[in-house]
Amino acid sequence: MKAAVKYEIAFAILCVICTAVFFVSAAVSANISRGMQEPEKLARLTESAVEESGAPAEFILMEHDGHVYVYSAGEPFILTDIDPERLPLADREKLREGIGAADREALLGLIEDFGS
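Residues numbered from 1 in each chain as written. Predicted model: local features only at pLDDT ≥ 70, side-chain atom pairs only at ≥ 80, totals over all residues. Heavy atoms only, no water.

Turning next to the packing of aromatic side chains. Tallied over the entire structure, the rule returns two aromatic pairs. Note on Phe-59 and Phe-77: the rings are 5.5 Å apart at their centroids and 35° apart in plane angle, and the pair reads as tilted. Of this pair, Phe-59 sits in strand 1 (residues 59-64) while Phe-77 sits in strand 3 (residues 75-79), and the two are 18 residues apart along the sequence. You'll find Phe-59 and Phe-77 in the same group, each marked buried. (Phe/Tyr/Trp six-rings, centres within 6.5 Å; stacked < 30°, edge-to-face > 60°. Helix = DSSP H or I, 4+ residues; strand = E, 2+ residues; numbered from the N terminus. Buried < 20%, exposed > 50% of the residue type's maximum accessible area, 1.4 Å probe, protein only.)

On to the environment of Thr-80, then. Position of Thr-80 relative to the elements: it lies in the loop between strand 3 and helix 3 (89-97). The spatial distance from the C-alpha of Thr-80 to the C-alpha of Val-70 is 7.4 Å, given a sequence separation of ten residues. Setting aside residues no more than four positions away along its own chain, Thr-80 makes contact with Leu-61, Val-68, Val-70 and Ile-111. A polar contact is formed between the side chain of Thr-80 and the backbone oxygen of Val-68, at a distance of 2.8 Å. Looking at Thr-80, its side chain comes within polar contact range of the main-chain nitrogen of Ile-82, at 3.3 Å. (Contact = heavy atoms within 4.5 Å. Polar contact = N/O pair within 3.5 Å; in protein donor to acceptor, adjacent residues only side chain to side chain.)

Time to look at the pairing of strand 1. Two faces make up the sheet, and in a regular strand the side chains alternate between them. Burial within strand 1 is extensive, with six of its six residues counted as buried. Residues Phe-59, Leu-61 and Glu-63 of strand 1 are buried on one face, and the alternating residues Ile-60, Met-62 and His-64, pointing to the opposite face, are buried as well. One ladder, built from six bridges, connects strand 1 with strand 2 (residues 67-72); its direction is antiparallel. Within strand 2, the residue paired with Met-62 across the bridge is Tyr-69. From the end of strand 1 to the start of strand 2, which pair antiparallel, there are two residues, and Asp-65 there has a positive phi angle of about 55°. Direction of pairing for strand 1 relative to strand 4 (residues 99-101): antiparallel, over a ladder of three bridges. (Pairing = 2+ DSSP bridges.)

Here it is as structure tokens:
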């Protein structure tokens, strides 16, 4: 009986992970042309953005025109479904400045934090 419960929990966790991967993959293929920003500004952000640990940021999570985008190498990468208006003021201010993520795992953590 206990083994069956463990398998059910493991299956549920696997389903959650697969769902997250699916939504991130779908967002990558979405049309995100509205997220284009001035190339100079994005270049500065990419160069200066660091993850909280001090590591260079591979991704930047940023609010633009009422939407939250992920930028990579200065280009829009993902349009998220995060509604910045539902976030606390401090989080909105951070997103306007851009939040760096060192890798995909850190990026997924940020998206999960802001999306919940």
